[in-house]
Amino acid sequence: MVGMISKLRLRVQRQTLLTVLPVLLLLVVIAFAAGAPAHTRGTDAEALTMIDRAQHLLERIGPDAAAEAFAGHDSAYIDRDLYPMLLDDKGVMIAHGWTATLNGSDLQDLRDVDGKPFIREALAGVARDGRTDVTYQWIDPLTGQVARKTMHARRLVLNGKPYMLAVGVYR
């Protein structure tokens, strides 16, 4: 009788282990998968580092070469969803890292999906304080969905002319 109880107990423990183990494995997989999207997104710190890198480059090559330096999705200035933008002080796009077709466009009156004139707000903040952060709603290039985005922008003087250099972070 004692032997039978021991065998039964062993069988129950084995059955419990076989039930619990796949569930634990699934939880580990879910935990890793939940962390994966974080690696596809740039952070505020990474955006500010990119602005520093882009500023150093622009101080060397000047604004006329910015479009070529930032162009293409294989550029050294494209990192996941982070990319630089250089605009003159009137809101004309000089170089856009993600969408080069915007280069030369007057974006001063561009508004987000809620109607917020975020370029104008960023230009004003940069002119007033030398740097600014503007949060707005924009289409995320990785998902195609509208998402909150914060543009980190700073004033930059190149060849004696003022510009706004910016990198945005999706939230």
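Cut-offs used in this document
Residues numbered from 1 in each chain as written. Predicted model: local features only at pLDDT ≥ 70, side-chain atom pairs only at ≥ 80, totals over all residues. Heavy atoms only, no water. Helix = DSSP H or I, 4+ residues; strand = E, 2+ residues; numbered from the N terminus. Buried < 20%, exposed > 50% of the residue type's maximum accessible area, 1.4 Å probe, protein only. Contact = heavy atoms within 4.5 Å. Areas by Shrake-Rupley, 256 points an atom, 1.4 Å probe, with all protein chains shown as cover. pLDDT = per-residue confidence, 0-100. Pairing = 2+ DSSP bridges. Axes fitted to C-alpha atoms, helices over the stretch in contact; angles between N-to-C directions. Core = buried A, V, L, I, M, F, W, Y, C linked by side-chain atoms within 4.5 Å. Phe/Tyr/Trp six-rings, centres within 6.5 Å; stacked < 30°, edge-to-face > 60°. Lys NZ or Arg CZ within 6 Å of the ring centre and 35° of its normal.

1. With respect to the overall build of the protein chain
Helices and strands together make up the secondary structure of the protein chain, namely 4 helices and 5 strands. Element order for the protein chain, N to C, with α for helix and β for strand: α-α-α-β-β-α-β-β-β. Of all 171 residues assigned to the protein chain, the portion counted as buried reaches 33%. Residue pairs at least 24 apart in sequence account for 47% of intrachain contacts in the protein chain once pairs closer than 6 positions are excluded. For the protein chain, the exposed area adds up to about 10,200 Å²; of that, 59% sits on carbon and sulfur atoms.

2. A short note on the confidence of the model for the protein chain
For the protein chain, the mean per-residue pLDDT works out to 85, and 81% of the residues sit at or above 70. This stretch, residues 20–36, has a pLDDT under 50; its non-local contacts, to residues over four places away or in other chains, come to 1 contact.

3. Looking at the sheet that holds strand E1 (residues 84–88)
Strand order across the open sheet formed by 5 strands is E2-E1-E5-E4-E3, with antiparallel pairing between neighbours. Strand pairing shows two members of the sheet lacking a second neighbour, strand E2 (93–96) and strand E3 (131–139), which therefore form its edges. In this sheet, adjacent strand axes meet at a mean angle of 25° when their direction is disregarded. Bridge count between strand E4 (residues 146–158) and strand E5 (residues 161–170): 10 bridges; the pairing is antiparallel. Each residue of the ladder has a partner; that of Val157, found in E5, is Pro162. Helix H2 (residues 44–61) rests against E1, E4 and E5 of the sheet, and its axis sits at about 30° to E4.

4. Focus: the nonpolar core
One finds Met85, Leu87, Phe118, Ile119, Met151, Ala153 and Met164 to be the most contacted residues of the largest nonpolar core, which totals 19 residues. Of all the secondary structure elements, the ones that give two or more residues to this core are E1, helix H4 (118–129), E3, E4 and E5. In terms of residues, this core owes the most to one element, H4, which gives 5 residues. What Ile119 contacts, discounting residues up to four positions off in sequence, is Leu87, Leu107, Gln108, Leu110 and Met151. Residues Ala47, Leu58, Ala95 and Leu165 belong to the second largest nonpolar core, which totals 18 residues.

5. Quick word on the packing of aromatic side chains
Under the definition given, this model contains 5 aromatic pairs. Judged by centre distance (5.7 Å) and plane angle (40°), the rings of Tyr83 and Trp98 are tilted. With Tyr83 in the loop between helix H3 (66–70) and E1 and Trp98 in the loop between E2 and H4, this pair connects stretches of sequence that are 15 residues apart. Measuring from centroid to centroid gives 6.1 Å for Tyr136 and Trp138, while their planes differ by 70°, and the two rings are edge-to-face. Ring pairing ties together the aromatic residues Phe118, Tyr136 and Trp138, which thus form one cluster. Its guanidinium or amino end placed over the ring of Tyr77, Arg53 lies 4.6 Å from that ring's centre, counting from NZ or CZ.

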